[in-house]
Amino acid sequence: MSSLNAKEIQASYKSGRFTKEVLKDLNLSLETGEFVCLCGPNGCGKSTLLSILAGLENPLLEVNGQVLLDHQLLKSFKASERAKNISYMQQTETSTWDFTVFDYVLQGRFSHSHGGHYSKADMELVSSVLEEMKLSDFAERTVHTLSGGEFQKVRIARCLAQEPKFMLLDEPAASLDYVFEPHLMSFLKNLAYEKNIGIMISVHDINLAKTYADKIVLLSKEKNILSGKSVDIMTLENLKNTFGVEFQCQKIDCFQSLQ
């Protein structure tokens, strides 16, 4: 079993005289085979946390503490080695070049290639990922012709093509339609189990998070963090303390896709 651990993380954005603390004394662990949902209000530090766990550097962000990959400092790994272990999808992205979907997903194999020279095995793996994501019919389409939701699926496929131990996805359900959102959550949860990948995603829909996540991480703007099993963490009191508003739980008639 592999693990990705954050220990005593403190993070602040600094620019000139401006300083904003976003994370304080944060401790967190993600293990292979887990599906974890990261929830909290806008501005609480979800995206910052995911980028730190991925080992990304930001000249405006001052970070103290340690991130450990299998008990080794993440910053001691070369970028190519980090990419073989951790795939990261930022919240928004555009592509300057109008790649085909196949070539865009193939970029996920770069750290496994010889300087961008891809093998037959790389090509076959990408084809397999596209099939798994139900994107095979999109392979020859170009990314500039895709809708926002279609492009989101392609970006997730690129992360999967890395064959990582850990996937860190910042709002992967954004731009997806009502029908595909639960399908994506179910797909990611099954992916974590079947391929033994540790997956952490940020998500705004707390009902989706509660339904699918093995573990919930709640971040508040007051820098408080709660982490544990969904049934223990998703209480009305915890949600009120995290989001600063009252919640209620009720059963209502609702529409549900039969597919």
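Counting starts from 1 at the beginning of each chain's written sequence and moves along it residue by residue. Under the rules for a predicted model, residues below a pLDDT of 70 receive no local features and side-chain atom pairs below 80 are neither given nor counted, while totals for whole chains, interfaces and linings still include all residues. Only hydrogens and water are set aside when side-chain values are computed; all heavy atoms of the structure are taken into account.

Trainee: Just to check I follow, could you spell out the pairing of strand β8 (residues 198-202) for this structure?
Mentor: Within a regular strand, the side chains alternate between the two sheet faces. Within β8, 5 of the 5 residues are buried, which leaves the element mostly enclosed by the surrounding structure. The classification of residues rests on relative accessible area computed with a 1.4 Å probe and restricted to protein chains. Under 20% of the type maximum is buried, over 50% is exposed, and intermediate values are partly exposed. For helices the rule is a DSSP run of H or I covering at least 4 residues; for strands it is a run of E covering at least 2, with both sets numbered from the N terminus onward. A two-sided burial pattern is seen for β8, the buried positions comprising Gly198, Met200 and Ser202 on one face and Ile199 and Ile201 on the other. Two strands pair when backbone bridges link them, and strand β3 (residues 35-39) and β8 are joined in this way by 4 bridges, in the parallel orientation. The residue bridging Val36 from the neighbouring strand is Met200, located in β8. Sheet topology note: the strand β7 (residues 166-170)/β8 ladder contains 5 bridges and is parallel. Paired strands, as defined in this entry, are two strands with at least two bridges between them according to DSSP.

Trainee: What is the right way to look at the packing of aromatic side chains in this model?
Mentor: Here a pair means two rings of Phe, Tyr or Trp (six-membered ring of Trp) with centres within 6.5 Å. Their orientation is stacked below 30 degrees between planes, edge-to-face above 60, and tilted elsewhere. Inspection of the entire model under this criterion finds 3 aromatic pairs. Ring centres 6.3 Å apart and planes at 55° place the aromatic pair Phe99 and Tyr104 in the tilted group. Here the aromatic cluster, defined as three or more aromatic residues joined through ring pairs, consists of Phe99, Tyr104 and Phe151.

Trainee: Even after reading the chapter, I still don't get the state of the cysteines, so can you show me in this structure?
Mentor: In a disulfide, the sulfur atoms of two cysteines are covalently bonded to one another. By disulfide we mean two sulfur atoms from cysteines, separated by a distance within 2.5 Å. Per the counting criterion, the structure on display carries 0 disulfides. Looking at the unpaired Cys44, the closest cysteine sulfur is the one in Cys39, lying at 9.2 Å. Residue class for Cys44 comes out buried when judged on its relative accessible area of 2%.

Trainee: When you look at the sheet that holds strand β9 (residues 215-219) in this model, what are you seeing that I'm missing?
Mentor: Judged by pairing direction, the sheet is mixed, and its 6 strands sit side by side in the order β6-β7-β8-β3-β9-β10 without closing on themselves. Where the open sheet ends on each side, the last strands, each with one partner, are β6 (86-89) and β10 (225-229). Along the sheet, successive strands turn relative to each other by an average axial angle of 15°, direction set aside. By the bridge criterion, 4 bridges tie β3 to β9 in an arrangement that is parallel. Residue pairing across strands places Val36 opposite Lys215, the latter belonging to β9. To get an axis, fit a line to the C-alpha atoms, keeping to the stretch in contact for a helix; angles then go from 0 to 180 degrees between the N-to-C directions.

Trainee: Mind showing me how you'd approach the side chain of Ser230 here?
Mentor: With respect to the secondary-structure elements, Ser230 resides in helix α8 (residues 230-233). At 3.3 Å, the side chain of Ser230 forms a polar contact with the backbone oxygen of Lys210. Counting of polar contacts relies on pairs of N or O atoms within 3.5 Å, with two restrictions inside protein: one atom must be capable of donating a hydrogen and the other of accepting it, and residues adjacent in sequence are counted only when both atoms are side-chain atoms.

Trainee: What exactly am I supposed to notice about the sheet that holds strand β2 (residues 18-31) here?
Mentor: Note: strands within a sheet are paired through backbone hydrogen bonds, in either parallel or antiparallel orientation. Pairing in this open sheet of 4 strands is antiparallel, and the strands run β2-β1-β4-β5 from one edge to the other. Looking at which strands have only one partner, the edges of the open sheet turn out to be β2 and β5 (72-73). In the sheet, strand β1 (residues 3-15) pairs with strand β4 (residues 61-69) via 8 bridges, with the strands oriented antiparallel. Within the sheet, the bridge partner assigned to Ala11 lies in β4 and is Val63.

Trainee: How should I be thinking about the environment of Ala173 in this particular structure?
Mentor: Mapped onto the elements of the fold, Ala173 is located in the loop between β7 and α6 (180-194). Looking at Ala173, the relative accessible area reads 13%, which means it is buried. Through-space distance from the C-alpha of Ala173 to that of Ile201 is 9.2 Å; in sequence the pair is 28 residues apart. Pairs of residues are marked as contacts when any of their non-hydrogen atoms sit within 4.5 Å. Setting aside residues no more than four positions away along its own chain, Ala173 makes contact with Glu181 and Leu184.

Trainee: Just to check I follow, could you spell out unusual backbone geometry for this structure?
Mentor: For residues other than glycine, phi is negative in most cases, and the peptide bonds are mostly trans. Positive phi, close to 50°, is recorded for Asp25, a residue that is not glycine. Following the sequence through the fold, Asp25 ends up in strand β2. The partly exposed category is assigned to Asp25, whose relative accessible area is 38%. Phi is positive for Glu171, close to 55°, though the residue is something other than glycine. In this structure Glu171 comes out as buried when scored by relative accessible area, which is 15%.

Trainee: Quick question: what am I supposed to make of the nonpolar core here?
Mentor: Nine residue types can take part in a nonpolar core, namely buried Ala, Val, Leu, Ile, Met, Phe, Trp, Tyr and Cys, and a core is a set of them joined through side-chain atoms within 4.5 Å. Among the nonpolar cores identified, the biggest contains 51 residues, and Phe35, Cys37, Leu188, Ile199 and Ile201 are the most heavily contacted of them. Apart from residues lying up to four places away in sequence, Phe35 is in contact with Met185, Leu188, Lys189, Ala192, Ile199, Ile201, Tyr212, Ala213, Asp214 and Lys215. In this structure, Ala6, Leu69, Tyr88 and Met200 belong to the second largest nonpolar core, which totals 29 residues.

Trainee: Just to check I follow, could you spell out the pairing of β9 for this structure?
Mentor: Burial runs high along β9: 5 of the 5 residues are buried. Neither face of β9 is exposed, since Lys215, Val217 and Leu219 on one face and Ile216 and Leu218 on the opposite face are all buried. The sheet contact formed by β9 and β10 spans 5 bridges and is antiparallel. Looking at the pairing, Ile216 lines up with Gly228 of β10.

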